[in-house]
Amino acid sequence: MILLDRVTKVYGKTNTALDRISLHVEPKEFVIIVGKSGAGKSTLLKLLTREERQTGGKIVVGGIDYDKLKDKDIPLLRRKIGVVFQDFKLLPNKNVYENVAFALEIVGYGNKEIQHTVPRVLDIVGLKGKEKNMPRELSGGERQRVAIARAIVRQPKILIADEPTGNLDPKHAWDVIKVLEKINRYGTTVLLTTHNQEIVNRLKRRVITIDNGKIASDRANAQYSQGSPKQQ
C-alpha cells in the first residue's frame, strides 16, 4: 500500500528533513508515527500527499510510482488519500451536512449520490442528528469528527490523521481515536501522528519513531515512554 525506499528530502542546500528513510505499510494497517517537533513527521506526510517532492529515493502508494506521477494526476492521487488536520479546517458558513457534501461536490458527484452518501458517513462518525448544526455550535471533538467524515466521504484507501487530537480534551480525543479505529476496521489504512503518550500506549499498534529525519525505531505493539517507544 505504502512503500518508501531510501527517501530523502532536503530543503535548500543543507536542511535535510528526511534522510534515506525506508518503510512499508500494508493495506488496512493502523500505524502511529511519533517524534519530536521538527523530527520530519510533517515532511513525510507532505511527501505522501505530493505537497512536496522527494529529493531522492522512491515512493510508491497504492501502486502509483511517484517518479512517474504527472501533475495532472495529482488530484486523482489525493482522492485516494484522506487527510485530517489538528485545526479541523471546516467551512464556517456551511453546516455539518454541507461541509461533508462539499468534498463530493467539488469532484462532480450528483445530488442523488451525495444525498445517499453523506448521511451514511455522518452515521459512521457518530454525528447522526447533527446535520444542520453549524461548526460553531459543535464541540471540538464533534468538529474533528466532521473533518474525518469529510476526509473519508470519497472512500479513500488511506487516511492520514495529523495530530487530530492536539486541540482536544482527553474525552473528546478518545472519541476521535475510536472513530479512526472504526474506519480502520472497515478496511482503510490509517496513519496517525500524535504526541499523546496515553493514546499510543492504549492503542498498542505499530509505532514508527522518527528522530532527526531518520527512522529511530519501528515496532509492533509498542509503548511510548519518555520520548521513545518500548516493546510491550
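What counts, and at which threshold
- Residues numbered from 1 in each chain as written.
- Predicted model: local features only at pLDDT ≥ 70, side-chain atom pairs only at ≥ 80, totals over all residues.
- Heavy atoms only, no water.
- Core = buried A, V, L, I, M, F, W, Y, C linked by side-chain atoms within 4.5 Å.
- Buried < 20%, exposed > 50% of the residue type's maximum accessible area, 1.4 Å probe, protein only.
- Helix = DSSP H or I, 4+ residues; strand = E, 2+ residues; numbered from the N terminus.
- Contact = heavy atoms within 4.5 Å.
- 1 Å grid on protein atoms, 1.4 Å probe; cavity = no way out; pocket = protein on both sides within 12 Å on 5 of 7 lines; lining within 4 Å.
- Points joined across faces, edges and corners; volume = space filled by probe spheres on them.
- Nonpolar A, V, L, I, M, F, W, Y, C, P; charged D, E, K, R; others polar.

**Notes on the nonpolar core**
A general trend in soluble globular proteins is that nonpolar side chains are found buried together.
Here's step 1: Residues I148 and L192 are the most contacted members of the largest nonpolar core, which totals 42 residues.
Here's step 2: Contributions of two or more residues to this core are made by β3 (30–34), α3 (96–105), α4 (111–124), α5 (140–152), β7 (158–162), α6 (170–185), β8 (189–193) and α7 (197–203).
Here's step 3: Ranked by residue count, the leading element in this core is α6, at seven residues.
Here's step 4: Not counting residues up to four positions away in its chain, the partners in contact with L192 are F30, V31, I32, I33, A161, P164, I177, L180, I199 and L203.
Here's step 5: Judged by nonpolar contacts, the second largest core, of 27 residues, contains L23, L44, L77 and I210.

**Remarks on the layout of surface pockets**
Sizing a probe to match a water molecule and rolling it over the atoms shows the empty space that remains.
Here's step 1: Counted as a void, the largest pocket has a volume near 470 Å³.
Here's step 2: Together, 17 residues line the largest pocket, and I81, V83, F85, R150 and R154 are the ones closest to its centre.
Here's step 3: Secondary-structure elements contributing two or more residues to the lining of the largest pocket are α2 (74–79), β6 (81–84), α3 and α5.
Here's step 4: Here the residues of the lining of the largest pocket are counted per class, giving nine nonpolar, two polar and six charged.
Here's step 5: Computed from the structure, the second largest pocket encloses a volume of approximately 260 Å³.
Here's step 6: Around the second largest pocket, the lining is made up of 13 residues, and of these I152, Q155, P156, Y186 and T188 lie nearest the centre.
Here's step 7: When residues of the lining of the second largest pocket are assigned to their parent elements, the largest contribution, four residues, is made by α4.
Here's step 8: Looking at side-chain class alone, the lining of the second largest pocket contains seven nonpolar, four polar and two charged residues.

**With respect to empty space enclosed by the protein**
Here's step 1: Evaluated as defined, the whole model comprises one cavity of 30 Å³ or more.
Here's step 2: Space inside the largest cavity adds up to approximately 40 Å³.
Here's step 3: Taken together, I2, L4, L23, V25, V31, I33, L44, L48, L191 and I208 form the lining of the largest cavity.
Here's step 4: For the lining of the largest cavity, the elements supplying multiple residues, two or more each, are β1 (2–11), β2 (15–25), β3 and α1 (41–48).
Here's step 5: Class assignment for the residues of the lining of the largest cavity results in ten nonpolar, no polar and no charged.

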